[in-house]
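What the coordinates show
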Amino acid sequence: MSPTRHRNRRAALRRWAPRGAVLAALGLAATGCASNEFTRLGVPEPITEQGQRVLALWQGSWVAAFAVGILVWGLIIWSIIFHRKRSEQLPPQVRYNMPIEALYTVLPIVVIAVLFYFTARDQTYLLETDEKADTNVEVVGFQWSWEFKYLDQSKAEALEEAEAAAEAEGKEADEVDPEEAQPETLFSEVGTPDQMPTLVLREGDVVHFDLHSPDVIHSFWVPAFAFKMDVIPGHDNEFQVKVNEGTAGTYMGRCAELCGVDHTRMLFKVEVMEPEAYDAWYAEQEAAAEAEAAAAAEQEAADEQASEEAAEAAGSEQQDGGQQGRDEEEDAQGASSEEEQQDGSDSAGQAEGSQNEEAGH
C-alpha cells in the first residue's frame, strides 16, 4: 500500500470512528423505546407507570454504559492500529497532555453527575404518595407468609384526620397516638406457607401500600412492578403505584429479604382484574366481611347473654342454698331448744317426785 493511500485510509477511519460510536449508541437508545425481551435487558414487562419509569432508567443506564464502552474500546483500537510499532526508533516522550488529562477528569464526573441526576429524579417520583389512591392496602409480612388488609383510607390520611379532629377540640396534634389513629379494615386475606394469598388489584387504579411487620425484616417485591421495598418492624413504609390499563392477569410476588428458615415459602400472587370483574369481587368480599362481622356480633351477644344467665343461675343457686342453710340452721336451733325444754321438764319432774317421796317418809 502506498504511503498516500495509507494516509487517506487513516484519515477516513479517524473521521468515521466517532460517528460510528455515536450511531451505535443512538441505535441502541432507539431500540430501547420498544418493549421486548431483548431491549428490557432482563427486566420483566412492567404493569405500572412507576415500573415504566424504572425500566427507562435501566435502559438509559445501559445506553450510557455502552456509549462509554464504545468510546473506550474505540480509543484502544485506534491506538493499536495507528500507534503500533513501525521501527526500532523510540517515539517522542512527553510528560503530560493537558487536553487528554482534562478529558479523563471531567468526562467521568459528567457521566456520574448525569446518572445521579436521573436516579434522584426517578427515586423522588417512585416515592411520591400525594395522589389520592383508589385502593388502600396494608401489607403485613410475617414469618412465613403475608396478610393483605383492604383499608378505607391510608394510615397517613387516618392520622391527618385524627390530628385535625384533635386541633378542632383545642388539643395539640402531637397528643394524637398514631397507634390509635388507624384506618378501618374492610376485609383481608391471610396466607400460610402452604396456601399463597392473592393480592387483587384493578386496572387503572392508583394503589397505596402501607407496609408493616410484627417480627423481622421482610421485603415486599413484585417483579412486575419493577420495584421492591423493605417491611421493617417498628417502622412502617409506604409507596403507591398506578396500574396500567390492559394488564389483566396473574403475576407472582415474593419476599426479597432473607428472613429465616422458610423465607423461600413467602410467596403470593397478584391478580389484576378488569374494572367490572374487580367491582364484583370487591362487593362480594365486603358482603362476606359484613356477614362474618354480623355473625361474630351475634355470637358475642349470645355468649354475653349466656354468661349473664349463668351468673344469674349461679346467684339464684347461691341464694337458694343460703336460704336452705338458714332454714336448716333454724330447724336445728328449734330442735335443740325443744330438747333443752324436754330435758328441763324431765329434770323438774324428777325433782318433784323426789320431794314427794321425802314428804311421804
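In this text the structure is predicted, and so the values were computed from the model without any measurement.

Next up on the list: a nonpolar patch on the surface. Taken together, V68, V72, W73, I76, I77, I80 and I81 make up a surface patch of nonpolar side chains, about 640 Å² in accessible area. If you trace the backbone, V68 turns up in helix 2 (residues 49-82). Judged by relative accessible area, which is 38%, V68 ranks as partly exposed.

Residue pairs spaced three or four apart in an α-helix point in one direction, given the helix's 3.6 residues per turn. End to end, helix 2 covers 49 Å across 34 residues, agreeing with the expected 50 Å (1.5 Å per residue, within 8%). Of all the residues in helix 2, the buried ones are Q50, G51, L55, Q59 and F82.

A separate point is the sheet that holds strand 4 (residues 198-202). Here five strands make up an open sheet; going across it, the order is 4-10-9-6-7 and the pairing mixed. Each edge of the open sheet is held by one strand with a lone partner, namely strand 4 and strand 7 (227-231). On average, adjacent strands in this sheet sit at an angle of 25° to one another, irrespective of strand direction. One ladder, built from five bridges, connects strand 6 (residues 218-222) with strand 7; its direction is antiparallel. Paired with H218 across the two strands is V231, which belongs to strand 7.

Taken together, five strands build an open sheet; the order of strands is 3-2-1-5-8 and the sheet is mixed. Unpaired on one side and paired on the other, strand 3 (185-190) and strand 8 (237-242) mark the two borders of the sheet. Averaged over all pairs of adjacent strands, the angle between strand axes in this sheet comes to 20°, irrespective of strand direction. When strand 1 (residues 135-142) meets strand 2 (residues 145-151), the two strands line up antiparallel, connected through seven bridges. Bridged to F142 within strand 2 is S145.

So, about the confidence of the model for the protein. Scored by pLDDT, the protein has a mean of 82; 78% of the residues are at 70 or more. Here residues 12-34 is a poorly scored stretch, pLDDT under 50, and it has 15 contacts once near neighbours within four places are set aside; other chains count. Within the model, the stretch residues 353-361 combines pLDDT values under 50 with zero contacts to residues more than four positions away or in other chains.

Take the packing of aromatic side chains next. All chains considered together, the criterion is met by 19 aromatic pairs. Centroid distance F209 to F239: 5.0 Å. Interplanar angle 20°. Geometry classified as stacked. Taken together, the positions of F209 in strand 5 (residues 206-212) and F239 in strand 8 put the pair 30 residues apart, joining distant regions of the chain. Assessed through its relative accessible area of 0%, F209 is described here as buried.

What counts as what
- Residues numbered from 1 in each chain as written.
- Predicted model: local features only at pLDDT ≥ 70, side-chain atom pairs only at ≥ 80, totals over all residues.
- Heavy atoms only, no water.
- Patch = residues over 30% accessible without salt bridge, like charges linked within 9 Å, V, L, I, M, F, W, Y side chains within 5 Å.
- Areas by Shrake-Rupley, 256 points an atom, 1.4 Å probe, with all protein chains shown as cover.
- Salt bridge = Lys/Arg side-chain N within 4 Å of Asp/Glu carboxyl O.
- Helix = DSSP H or I, 4+ residues; strand = E, 2+ residues; numbered from the N terminus.
- Buried < 20%, exposed > 50% of the residue type's maximum accessible area, 1.4 Å probe, protein only.
- Expected span 1.5 Å × (residues − 1).
- Pairing = 2+ DSSP bridges.
- Axes fitted to C-alpha atoms, helices over the stretch in contact; angles between N-to-C directions.
- pLDDT = per-residue confidence, 0-100.
- Contact = heavy atoms within 4.5 Å.
- Phe/Tyr/Trp six-rings, centres within 6.5 Å; stacked < 30°, edge-to-face > 60°.

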